[in-house]
Structures are given as structure tokens and as C-alpha cells.
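Reading the structure
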Amino acid sequence: MSRPATFVPPPGTRAYRLGTARGEFAVIEAGSPEKGTALLLPGFTGSKEDFISLHEPLAAAGYRTVAVDGRGQYETPGPTDDETPYAQAELAQDVLAQIDALTGTPTGGPQERVHLVGHSFGGQVARAAVLLDPPRFRSLTLMSSGPAEISPSQQQRVKLLRDALAVMDMGQVWEAIQALEPPEDAEGGLDAGLDAQDDLKHRWLGNSPAQLIAAGRQLCEEPDRVAELAAVRLPVHVLSGESDDTWPVPLLDDMAVRLDAHRSIVGGAEHSPNSDRPRETAEALAAFWDRLS
């Protein structure tokens, strides 16, 4: 979904494998928790690198940031032919295990509450994790992630991908994507930013096809859980670019009203403000978190 500025962790960050009670997850971490810790969840076809340009400014603002590849995403392994581990409830449990590992306390014990950020599909997983155990969280930011299923046009794209994955291997699907959708036409879509071909192909081939199929189904079938989330009364931030064809901006505006949420719109950004306008996105995140201090 996003076009990372680089796949090389910049100075001040470290890439490692986070050990948890539910297995290891590839992460990129930066900063110190002077003001708090934020866990960043990427979107469909994305990875931890989608947040790579946010680490430096958020560290400068006093926050520890940890971006993670979810189960079956890029550098975190997962089953290739079994969708069961990618059910939304399972992915939400993974998030809780990551928090336990990052805060150094066992499940159920007193621990630091974290700021959770989910981009697009990652927002759906983030919402599920919050609803599963609200006391773990200081806040939730839904970045370009709407109240329910994605737009009809994007559902068609996801269904085409799911159909392709049912009959082709990952390499064949990559070649089909390149043939059908040249890089200059990919901006703003679910596979936008295919200009760094080698890195993006490497990331694509690292994904589990079962994870992509399961995530795609969830994107197309997600129910509206805004009322459930509003009832939790957790501070929520709805952040997006000024245009979005996955969840239209007016829909995100309405969701923010229903959640009584803080609302940020990043000018000059589309579905991936984290990569389109990272400094402005980091400023919006830090400003929201600072209000809660």
C-alpha cells in the first residue's frame, strides 16, 4: 500500500526480531520512551518499512516507536497455505503479545500502556486488539482506516488479487501485477509505489499468500464496529491524507464524529500519509499524544 522511502533502517533505528509468547516478529525500533511507546501496524501488502520515515521525528519528540511486520508479512514468517492463524482475532492476540514483550511484563500484569497506530488493514487489526483488551492502550490512531469494509472499487482489486493467488504462485502474481499495472499508474492504489522494483518485489515475495488472502477477505467483509469502539472511551485519533480511494475522506470524517475522535488531515497526502508526507504525519501523531500526557 505504501512506498517506503527506503528499506534500510536509518541511523538511530535498529532492526531485530522481537520474541513474544506467540513467536518472533520482525520490527524496527527507534527512540526512548520518555513520553511513551507507540506500536505501528502496517497495512495490506505493506510492512514495517512503511513507517520508516516517522521514527526520527517521533524520537525527537520524545517517543519510542516500534514498527512491526505482522504474522505472514514480509520478514515475519507464517503459514503459506493455512488461513487460520490470520483470523482477525489471532492477529489481535499477536498485538497483545507484542505489547507484553515490549513492556517487559506478563499478560495480565500491570504494565505501561502503549499508543497503537494502525494503517489501513492494520487499523482493523488495531481496533480488534483494543476491543479485546482496552486497558493495554493509551490511545488508538486509525490511519487511513475506515469504519467497515473498503470501497467497492478497491474490493474489486482485492478480489482480483485473491483470485490470482488461488491459481498462481507469488512470483507469477508479481509479474502479472507489473504487466497489468505499470508503476506510473500505480499511485494511490493498494499496490502503489512500485518504482523501487527490487526492494518491493523482495517484500512481495516475503509475504504469505494465505495471509494476503485472509487479509483481503477481511478488508472486503469487515463490519462496522465504531459503536463498540466508542463505548470503550479510549482516546482515538482519525488521521488521513486529503484524498483516499480506499475509504473516502467524508466517511473518515463521519467516523471521527461518531468516535468523538481527534481528526487530522495531512495535506498533499493520499492513502499513505506515513510515506507521502512523513514529517507532517509525525507532527500530527506527536501533537495528539502530547495532548494526552
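Because the structure is a prediction, the values reported are computed rather than measured.

Description of the pattern of salt bridges
Within this structure, the stated rule accounts for 19 salt bridges. In this structure, R22 and D94 form a salt bridge, with 2.6 Å as the shortest nitrogen-oxygen distance. Of this pair, R22 sits in the loop between strand 1 (13-20) and strand 2 (23-30) while D94 sits in helix 2 (residues 88-103), placing them 72 residues apart in sequence. We classify D94 as buried; its relative accessible area is 2%.

Examining the pairing of strand 5 (residues 114-119)
Within strand 5, six of the six residues are buried, which leaves it mostly tucked inside the rest of the structure. Of the pairings in the sheet, the one linking strand 3 (residues 36-41) to strand 5 comprises four bridges and is parallel in character. Residue pairing across strands places L41 opposite G118, the latter belonging to strand 5. Here strand 5 runs beside strand 6 (residues 137-143); their pairing, made up of six bridges, is parallel.

Some thoughts on the side chain of N274
Position of N274 relative to the elements: it lies in helix 10 (residues 273-276). Look at N274 and you get buried, because its relative accessible area is 0%. At a separation of 3.0 Å, a polar atom in the side chain of N274 contacts the main-chain carbonyl oxygen of D50.

Description of the pairing of strand 4 (residues 63-68)
Within strand 4, six of the six residues are buried, which leaves it mostly tucked inside the rest of the structure. Bridge analysis of strand 2 against strand 4 gives four bridges, and the strand direction is antiparallel. Each bridged residue has a counterpart across the sheet, and for E29 the counterpart in strand 4 is V66. Here five bridges tie strand 3 to strand 4, and the two strands are oriented parallel to one another. Bridged to A38 within strand 4 is T65. With helix 1 (residues 55-60) bridging strand 3 and its parallel neighbour strand 4, the resulting β-α-β unit is right-handed.

Side note on the sheet that holds strand 5
Read across the sheet, eight strands follow the order 1-2-4-3-5-6-7-8 without closing on themselves; strand pairing throughout is mixed. Looking at strand neighbours, the two that pair on one side only are strand 1 and strand 8 (262-266), the edges of this open sheet. In this sheet, adjacent strand axes meet at a mean angle of 25 degrees when their direction is disregarded.

Let's talk about the packing of helix 4 (residues 152-167) against helix 7 (residues 209-221)
Two elements in contact, helix 4 and helix 7, have axes whose closest approach is 10 Å; the angle formed by their N-to-C orientations is 150 degrees. The orientation of helix 4 relative to helix 7 falls into the category roughly antiparallel. Helix 7 is crossed by helix 4, and the crossing has left-handed handedness. Contacts between helix 4 and helix 7 pair Q155, V158, K159, R162 and L165 from the former with P209, L212, I213, G216, R217 and C220 from the latter. In terms of residue class, the contact of helix 4 with helix 7 is made up of six nonpolar, two polar and three charged.

Reading the values: rules and limits
- Residues take numbers from 1 onward in each chain, read along the sequence in its written order.
- A pLDDT threshold of at least 70 governs which residues receive local features in this predicted model, and a stricter bar of 80 or more applies before side-chain atom pairs are shown or counted, although totals over entire chains, interfaces and linings include all residues.
- Side-chain measures here rest on the full set of heavy atoms in the structure, leaving out hydrogens and waters.
- For this analysis, a salt bridge means a side-chain nitrogen from Lys or Arg found within 4 Å of a carboxyl oxygen belonging to Asp or Glu.
- A run of H or I in DSSP becomes a helix once it reaches four residues, and a run of E becomes a strand once it reaches two; helices and strands are each numbered from the N terminus.
- Burial here depends on accessible area, computed with a 1.4 Å probe over protein chains only, as a share of the maximum for the residue type. Under 20% is buried, over 50% is exposed, and the range in between is partly exposed.
- Pairing between strands requires that DSSP locate at least two bridges from one strand to the other.
- Here a polar contact is recorded for every N or O atom pair within 3.5 Å, except that within protein the pair must consist of a potential hydrogen donor and a potential acceptor, and residues adjacent in sequence are included only if both atoms are side-chain atoms.
- A crossover counts as right-handed when, viewed with the strands pointing away from the observer, the path leading from the first strand over the helix to the second turns clockwise.
- To define axes, lines are fitted to C-alpha atoms, for helices over the stretch in contact only, and angles between the resulting N-to-C directions are given on a 0 to 180 degree scale.
- Note on terminology: angles under 35 degrees are roughly parallel, angles over 145 are roughly antiparallel, angles of 65 to 115 are roughly perpendicular, and the others are oblique.
- By convention the crossing between two helices is left-handed if the near helix lies anticlockwise of the far one by an angle smaller than a right angle, and right-handed if it lies clockwise.
- In what follows, residue pairs with any heavy atoms lying within 4.5 Å of each other are defined as contacts.
- Residue classes follow a fixed rule: Ala, Val, Leu, Ile, Met, Phe, Trp, Tyr, Cys and Pro count as nonpolar, while Asp, Glu, Lys and Arg count as charged, and any other residue, Gly among them, counts as polar.

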